[in-house]
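So the chains spell out like this:
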Amino acid sequence: MSFVHKTQCRICKGEDLVRFLSLGEHPPVDNFTDKAHIENEKRYPLDVYFCRQCNLVQLLDVVTQEELFHQNYAYFSSASAPLVEHFKSYAEDLKKDFLQKNDLVVDIGSNDGILLQFLTGTCRVLGIEPSANVAEAARKKGIETIDGFFTVEMAKNIVAKYGKAKVVTANNVFAHIDDIDEIVSAVQTLLTDDGVFVSESHYLLDLISKREFDTVYHEHLCYYSVKPLMYLFERFGMEVFDVRRVDVHGGSIRVYARKKSGKPHNPSVAMMLQLEEEAGLHGPLRFSGFQKEVDAIRGELVSLVRGFSKEGKTVTAYGAPAKGNTLLNFCGFTAADLKYVTDTTPQKIGLLTPGSHIPVVSPLILTTETPDYILLLAWNYREFILKKEEALRERGAKFIIPIPEVEIV
Ligand code: TYD
């Protein structure tokens, strides 16, 4: 069995969990496939729960890490130019706020070194990345990277070899970990007494208010808001002392935590808590209508795309992000609906999207072909992509934007 169904909240261990969204059964979104392997594809439930006790929103069906993050993991962060810019400015913030020459920075889930590449030279850097092929891409850039999952034992080995870290980061990975207690303990082991743990995760408030349901997939076990995170760190003698909203992945939060210090917190922490309270994120009611909102988006998209196909129009898709696969499978789209999907990640080109089996091709095809309609799966880069594809749009191609509401531009 490569998945387990849990009955306890990942943070507070409570059992009063309310299911508010069911997206059906889906294959893991980064398991791009090919014709020879289609038959081996497995699907797992994608249901989202709210914990009445600590208010963490989470998945309870957990697919094994080995099945999600493996040899052929397809997500390379540096394939998206705007994300590289984001991490460049993130690195500047860390240097300005916390780091001095030769301090150690450890990045958990360092991917292809997208953040650490901007800190080498100033600090000592170390990446930790479980997908061997992605870790290798970071090493090629000269970033020392350990293959594997971060644990207390690994933290002890790092301290023995390199000393303690002034800054530990975990970006788009802290929400991916089932045993969060182990990670927080490991972070504590690794940090200096005045060290800082900084994590970026997709923000629940953006997910709910902008109907970003496609960001739900098996890798994302938690959908964080500030309140449950404060509770989590508290349990380990730590404290959240600053929170910033950042405009990546459809809206994220950057959360700063440290060992309890008695020092004042940035007012952002109390402000964010209040914002969440006002938005209804601390009770189940706000979540109860979400399934209907999501079903409505599916209804609109399906009738639009199939309607265009019936009229003989060509419809394709743009970007093959992980979240795109949730959307494609939830809508039941296949290559009969969308002729191909273009993506800039070399490792995805030539493969088929998981579940929906749509061929992934190089964006170069759009220099010679002009589809009538293009479903923008990488909607989080909307402005960047619409600008980049001005020539294609002038030739007559129209983009279908699925999120936060269906729109044709
Ligand atoms: P991204 O939104 O970063 O993440 P996730 O997989 O977590 O949902 O993925 C964006 C995808 O879109 C990635 O596979 C690269 C691709 N892409 C393009 O094909 N063209 C572009 O111009 C950009 C910005 C991204």
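Nothing here was measured: the structure is a model prediction, and the numbers come from that model. (Residues numbered from 1 in each chain as written. Predicted model: local features only at pLDDT ≥ 70, side-chain atom pairs only at ≥ 80, totals over all residues. Heavy atoms only, no water.)

**Observations regarding the environment of isoleucine 128**
Test applied: Helix numbering and strand numbering both begin at the N terminus, where a helix is a DSSP run of H or I of at least 4 residues and a strand a DSSP run of E of at least 2. Residue contacts are defined here by distance: any two heavy atoms, one from each residue, within 4.5 Å place the two residues in contact.
Within the secondary structure, isoleucine 128 sits in strand E7 (residues 124-129). Sequence-wise, isoleucine 128 and leucine 60 are 68 residues apart; in three dimensions their C-alpha atoms are separated by 26 Å. Filtering out sequence-adjacent residues up to four positions away, isoleucine 128 remains in contact with Val106, Asp107, Ile108, Gly109, Ser110, Thr145, Ile146, Gly148, Phe150, Met154 and Ile158.

**Thoughts on the domain arrangement of the protein**
Note the following rule: An automatic or database domain assignment is the source of the domain bounds shown. What counts as buried area is the accessible surface, traced by a 1.4 Å probe, that two parts surrender upon association, with contributions from both included. Think of a salt bridge as a Lys or Arg side-chain nitrogen and an Asp or Glu carboxyl oxygen that are within 4 Å of each other. Any pair of nitrogen or oxygen atoms within 3.5 Å is treated as a polar contact; in protein, a donor-acceptor pairing is required on top of that, and neighbouring residues in sequence qualify only through side-chain atoms on both sides. Note that Gly is not counted as nonpolar here; it falls among the polar residues with everything else outside the nonpolar set of Ala, Val, Leu, Ile, Met, Phe, Trp, Tyr, Cys and Pro and the charged set of Asp, Glu, Lys and Arg.
Domain boundaries in the protein define domain 1 (77-287) and domain 2 (291-408). Here domain 1 and domain 2 have C-alpha centroids that lie 30 Å from each other. In this complex, domain 1 contributes 16 residues to the contact, which on the side of domain 2 involves 17 residues. Both sides of the domain 1 and domain 2 interface together cover about 1600 Å² of buried area, and 64% of this is carbon and sulfur. Three residues, Arg211, Phe213 and Asp214, lead the burial of domain 1 against domain 2; their summed loss comes to 44% of the area buried on that side. At the surface where domain 1 touches domain 2, the tally comes to two salt bridges. Inspection of the region where domain 1 meets domain 2 yields five residue pairs in polar contact (both at pLDDT 80 or more). Partitioned by chemical class, the residues of the side of domain 1 that touches domain 2 number seven nonpolar, four polar and five charged.

**Things to note about the UniProt feature "domain: C-methyltransferase" (unreviewed entry) in the protein**
Our working rule: UniProt positions are given in the numbering used here, feature names are shortened, and annotations may be inferred rather than shown by experiment.
In the numbering used here, UniProt assigns the feature "domain: C-methyltransferase" (unreviewed entry) to residues 248-404. Structurally, residues 248-404 is divided into 34% helix and 15% strand, and its ends, taken at the C-alpha atoms, are 15 Å apart.

**A word on the sheet that holds strand E15 (residues 341-342)**
The following threshold applies: Two strands make a pair as long as DSSP finds a minimum of two bridges between them.
Taken in spatial order, the six strands line up as E16-E15-E14-E17-E18-E19 in an open sheet, and their pairing is mixed. Edge positions in the sheet fall to strand E16 (360-361) and strand E19 (407-408), since each of these pairs with one other strand and no more. Of the strand pairs in this sheet, strand E18 (residues 398-401) and E19 are connected by two bridges, and their pairing is antiparallel. Bridge pairing links isoleucine 400 to isoleucine 408 in E19.

**Thoughts on the side chain of serine 225**
Tracing the chain through its elements places serine 225 in the loop between strand E11 (222-223) and helix H7 (226-235). Filtering out sequence-adjacent residues up to four positions away, serine 225 remains in contact with Asn55, Tyr203, Leu204, Ile253, Glu276 and Leu281.

**Re the site of the ligand**
Filter applied, for reference: What makes a residue near a molecule or strand is one non-hydrogen atom of that residue sitting within 4 Å of it. Each accessible area is a Shrake-Rupley estimate made with a 1.4 Å probe; only the visible protein chains count as cover when residues are assessed.
Close to the ligand lie 21 residues; Ala322, Lys323, Asp343, Lys348 and Lys388 are nearest. Side-chain polar atom of tyrosine 217 to an oxygen atom of the ligand: 3.2 Å apart, as the coordinates give it. Lysine 323 is positioned such that a nitrogen or oxygen atom in its side chain is 2.7 Å from an oxygen atom of the ligand. Contact with the protein chains hides 96% of the accessible area of the ligand, taken as 560 Å² for the molecule alone. Listed by contribution, the elements that provide at least two residues to the shell around the ligand are helix H10 (322-331) and helix H11 (382-388). Of all the elements, H11 adds the most residues to the shell around the ligand, at three residues.

**As for the UniProt feature "domain: Methyltransferase putative zinc binding" (unreviewed entry) in the protein**
Mapped onto the present numbering, the UniProt feature "domain: Methyltransferase putative zinc binding" (unreviewed entry) falls on residues 9-69. Between the end C-alpha atoms of residues 9-69 there is a gap of 23 Å, over a span that is 7% helix and 39% strand.

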